[in-house]
Amino acid sequence: MPNKIRKLPDSGDVQVPIGPQHPSLKEPESFLLTLRGEKITAASVRLGYNHRGIEKACEERTYIQDLYLIERVCGICSHAHLTCFVQAVEEIAAIEVPKRAQYIRVVVGELERIHSHLLWLGVAGHEIGFDTLLMYSWRDREIVMDILADLAGNRVHYGVTTYGGVKRDITPEQIKDVLKAVDTLEERTKYYIELAKNEETIIKRLSGVGMLKHDDALRLGAVGPTARAGGVDRDTRRDDPYAAYPEMKFKVVIDDHADVYGRTLVRMGELMEAYSIIRQALTNMPEGVFRVRAPRRIPAGEATGRYEAPRGEDVHYVKSNGSDKPERVKIRAPTLANIQAVTHMLEDRYLADMPIVVAAIDPCFSCTDRLIGIKDLRTDKKQTLDWDNLRLSGIKWYQKRGVDFSRLNEKLKRSFK
Amino acid sequence: MKTPGKILMQVLESVGKKPATLNYPQEKPPMAKGFRGKLKFKPEACVGCMLCTKDCPSGAIQIKKLGEKQFQCEIDLSKCIYCAQCVESCARKALEYTDEFELANIDRGKLKIVYSAQPPANTQPPTNVQPSTNAQPQDPTQK
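Residues numbered from 1 in each chain as written. Chains lettered and ligands numbered in written order. Predicted model: local features only at pLDDT ≥ 70, side-chain atom pairs only at ≥ 80, totals over all residues. Heavy atoms only, no water.

Draft legend 1. Seen up close, the overall build of chain B. Secondary structure assignment for chain B yields three helices and six strands. Residue pairs in contact within chain B that sit at least 24 positions apart in sequence constitute 64% of those at least 6 positions apart. (Helix = DSSP H or I, 4+ residues; strand = E, 2+ residues; numbered from the N terminus. Contact = heavy atoms within 4.5 Å.)

Draft legend 2. Inspection of the environment of B:Glu102 at higher detail. All names here are of chain B. Structurally, the position occupied by Glu102 is in the loop between β4 (95-97) and β5 (112-116). Under the relative-accessibility criterion, Glu102 is labelled partly exposed at 24%. Through-space distance from the C-alpha of Glu102 to that of Gly37 is 8.9 Å; in sequence the pair is 65 residues apart. A polar contact is formed between the side chain of Glu102 and the side chain of Tyr24, at a distance of 2.5 Å. Only 3.4 Å separates the side chain of Glu102 from the side chain of Lys28, close enough to count as a polar contact. (Buried < 20%, exposed > 50% of the residue type's maximum accessible area, 1.4 Å probe, protein only. Polar contact = N/O pair within 3.5 Å; in protein donor to acceptor, adjacent residues only side chain to side chain.)

Draft legend 3. Focus on the domain arrangement of chain A. Looking at chain A, the domain boundaries give domain 1 (62-327) and domain 2 (376-417). Averaged C-alpha coordinates put domain 1 of chain A and domain 2 of chain A at centres separated by 39 Å. (Domains from an automatic or database assignment.)

Draft legend 4. Main features of the packing of helix α4 (residues 99-127) of chain A against helix α5 (residues 131-152) of chain A. Residue and element names in this part refer to chain A. The geometry of α4 relative to α5 is characterised by a closest axis approach of 8 Å and an angle of 160 degrees between their N-to-C directions. One element, α4, and the other, α5, form an angle in the roughly antiparallel class. Crossing geometry of α4 relative to α5 is assigned as left-handed. Here Val107, Val108, Leu111, Ile114, His115, Leu118, Leu119, Leu121, Gly122, Val123, Gly125 and His126 of α4 come into contact with α5, specifically with Asp131, Leu133, Leu134, Ser137, Trp138, Asp140, Arg141, Val144, Met145, Ile147, Leu148 and Leu151. Across the contact of α4 with α5, the residue classes break down as 16 nonpolar, five polar and three charged. (Axes fitted to C-alpha atoms, helices over the stretch in contact; angles between N-to-C directions. Parallel < 35°, antiparallel > 145°, perpendicular 65-115°, else oblique. Left-handed = near helix turned anticlockwise from the far one by under 90°. Nonpolar A, V, L, I, M, F, W, Y, C, P; charged D, E, K, R; others polar.)

Draft legend 5. Spotlight on the packing of aromatic side chains. Residues and elements named next belong to chain A. This model, assessed by the stated rule, comprises nine aromatic pairs over all chains. Taking 6.4 Å as the distance between ring centres and 65 degrees as the angle between the ring planes, the aromatic pair formed by Phe31 and Phe365 counts as edge-to-face. Of the two residues, Phe31 sits in strand β3 (residues 30-36) while Phe365 sits in helix α14 (residues 365-368), which places them 334 residues apart along the sequence. Residue classification places Phe365 among the buried positions, given a relative accessible area of 3%. An angle of 85 degrees between the planes, with centres 6.4 Å apart, marks the rings of Tyr63 and Tyr163 as edge-to-face. (Phe/Tyr/Trp six-rings, centres within 6.5 Å; stacked < 30°, edge-to-face > 60°.)

Draft legend 6. Representation of a nonpolar patch on the surface in the model. Together, B:Leu8, B:Met9, B:Leu12 and B:Val15 make up a nonpolar patch on the protein surface, roughly 440 Å² of accessible area in all. Along the chain, B:Met9 turns up in helix α1 (residues 8-14). (Patch = residues over 30% accessible without salt bridge, like charges linked within 9 Å, V, L, I, M, F, W, Y side chains within 5 Å. Areas by Shrake-Rupley, 256 points an atom, 1.4 Å probe, with all protein chains shown as cover. Salt bridge = Lys/Arg side-chain N within 4 Å of Asp/Glu carboxyl O.)

Draft legend 7. Structural context of the pattern of salt bridges. All names here are of chain A. Considering all chains together, one arrives at 38 salt bridges over all chains under this definition. Glu313 serves as the salt-bridge partner of Arg306, at 2.5 Å between the closest nitrogen and oxygen. The exposure class of Arg306 is partly exposed, given its relative accessible area of 33%. On the basis of relative accessibility, which here comes to 14%, the residue Glu313 falls in the buried class. Notably, a salt bridge pairs Lys319 with Glu327, separated by 3.6 Å at the nearest N-O pair. Linked through salt bridges whose partners overlap, the residues forming this network are Glu110, Arg113, Arg228, Asp235, Arg237, Glu270 and Glu308.

Draft legend 8. Region of interest: the interface of chain B and chain A. With 27 residues of chain B at the contact, the number on the chain A side is 33 residues. When chain B packs against chain A, the two sides together hide about 2500 Å² of surface, and 46% of this comes from carbon and sulfur. At the boundary of chain B and chain A, one finds two salt bridges. Salt-bridge contacts for A:Arg296 lead to B:Asp55; the nearest nitrogen and oxygen are separated by 2.8 Å. In this structure, the connection of chain B to chain A is made through 15 residue pairs in polar contact (both at pLDDT 80 or more). Sorting the residues of the side of chain B that touches chain A by element identifies α1, α2 (51-55) and α3 (85-89) of chain B as the ones contributing at least two each. Here the residues of the side of chain B that touches chain A sort into 13 nonpolar, seven polar and seven charged. (Buried area = accessible area lost by both parts, 1.4 Å probe.)

Draft legend 9. Main features of the sheet that holds strand β7 (residues 301-309) of chain A. Residue and element names in this part refer to chain A. Strands sit in the order β7-β8-β9 across an open sheet of three strands; the sheet is antiparallel. Here the strands that pair on one side only, and so sit at the sheet edges, are β7 and β9 (326-332). Strand-to-strand twist in this sheet, taken as the mean axis angle between neighbours without regard to direction, amounts to 15 degrees. Here β7 pairs with strand β8 (residues 312-320) via nine bridges, running antiparallel. By the bridge assignment, Ala303 is partnered in β8 with Val318. (Pairing = 2+ DSSP bridges.)

Draft legend 10. Spatial organisation of the nonpolar core. If you look at the biggest cluster of nonpolar residues, it comprises 119 residues, and the most contacted ones within it are A:Phe31, A:Leu111, A:Ile114 and A:Met248. Leave out the neighbours within four places in its chain, and A:Leu111 touches A:Val144, A:Ile147, A:Leu148, A:Leu151 and A:Ile278. Core analysis: the next-biggest nonpolar cluster, separate from the first, contains 21 residues, B:Phe41, B:Ala60, B:Cys73 and B:Leu111 among them. (Core = buried A, V, L, I, M, F, W, Y, C linked by side-chain atoms within 4.5 Å.)

Draft legend 11. Seen up close, helix α2 (residues 63-71) of chain A. Among the nine residues of α2(A), nine are classified as buried, and the element is accordingly described as predominantly covered. Within α2(A), the full set of buried residues consists of A:Tyr63, A:Ile64, A:Gln65, A:Asp66, A:Leu67, A:Tyr68, A:Leu69, A:Ile70 and A:Glu71.

Draft legend 12. Region of interest: the packing of α5(A) against helix α6 (residues 172-198) of chain A. Residue and element names in this part refer to chain A. Packing of α5 against α6 leaves a shortest axis separation of 10 Å and a crossing angle of 165 degrees. As far as their axial angle goes, α6 and α5 are roughly antiparallel. Considering only the axes of α5 and α6, their crossing is left-handed. For the pair formed by α5 and α6, the contact residues are Leu133, Tyr136, Ser137, Arg139, Asp140, Ile143, Val144, Ile147, Asp150 and Leu151 on the first element and Gln174, Asp177, Val178, Ala181, Thr184, Leu185, Arg188, Tyr192 and Leu195 on the second. Here the residues of the contact of α5 with α6 sort into eleven nonpolar, three polar and five charged.

Draft legend 13. Looking closely at the pairing of β5(B). Residue and element names in this part refer to chain B. Here β5 lies mainly inside the structure; four of its five residues are buried. Sheet analysis places strand β3 (residues 70-76) next to β5, joined by five bridges and oriented antiparallel. Its bridge partner lying in β5, Glu74 is registered against Val114.

Draft legend 14. Quick look at the confidence of the model for chain B. Residues and elements named next belong to chain B. The pLDDT averaged across chain B works out to 81; a share of 81% of its residues lies at or above 70. Mean pLDDT values over the elements of chain B span from 50, in strand β6 (residues 129-130), up to 93, in α2. Contacts of residues 131-143 to residues separated by more than four positions or lying in other chains number 23 contacts, the stretch itself having pLDDT below 50. (pLDDT = per-residue confidence, 0-100.)

Right under this line is the structure:
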């Protein structure tokens, strides 16, 4: 894919690359837009600029070390990824998780959803040039961040979930603090909902932008608020309940706007549901142990974990071979499911809508980049490389272009010994 | 009523309020209870089971045997991700986390912290060896 602006000879359209490094993108990702005047006629996305090799790295570490690696798949939905992975491992090892632990997982999971949606609201405000909203929503997000730090010991990577339960219990004082914070946040969210419904700047800027109708959402496999804003009634918490969700009463928020405005309303509605779930979980929290012993070696088997992350359904597949290291781990982050829909949403819209349309799926590209497939464009031959050969081919690629990394490599090797 | 500038009232309400930010480092925020900061090692409690080194996701912790029931612990703060799995794994509670978080240093060597039961007799002890009598580890930032 050429990374420069070029005019297409037959139609006169102009191809403009956006990214991998671009001010409107928060993470490196490459979009190639074909423009006719100001309108986008075709769009394509190219993933792979954030590949970190996490799945492969999981296979080389023990299950306990994987807890921390999986958590770092994403900074915003760290609890979602971790719990999803742990649920899969617990299914293989047939570990019975205590009720209290399941309730704590739900509380932290919903607090994380609040933190993620408030963050999204700020980012969306920023992308449409409404920075006042960014400042206020991020100020309120601090309340939930402080609560998470108090419960888990950290603001971002909570590390609450572990095999067989959770690492920390919730004390009665903490329950009081959380309930107090939830009251404040609910008050604020009501204000934001009123703002979203009455502020003309928001309605005019977001209505009709990034349309993804019900049938398209299903066809392109969209998940989470992106799909629910198009009327797709789908939520893993209700459809395939995990942790303590079977005992929670909540409604799945759907909307029929099918645009970015609809996605804003769905996320705000989900915030209100999250407050209600947290209240239910904290008031009905059963007494008892919050952790059971889990074996270091997981028996052979395979399982899939499903979790409704703030951005949509997260899927982790784990295969074990009886040792203390997994044989295969596969992560399907929600952004991977939503990214195909973005190219559809961009078509027939103006170039200026591109940042908000991309931001509306709440993308996390580092979550998404998983696989490197090598395809020779001239011969159309596909090739997969193992770890060492991938490294060697990288060194050779640069050597051909006059950059020699072999000395740097030697130096790095020595310093890591 | 659908009008632009709906958030203006909110902005005006905030005019008289004090800033939400702190004047760090003059004012320091209280750390959350149970915050996972710099690790502390108690040599007298260690039995040398090596579970901490085995479970550490980043290879930041190393235990050396100095003699009978005497162990030395070397923690590399530049590698540590402050997950406190070693504290979880330690059956003897020889490791614990503190709420220290200002750990940045220009000198890489100072990021290695050694807690030793007794400095080895023949070798030169490292610069920041902590003898067992001094339980408080030296903080490189508070010099």
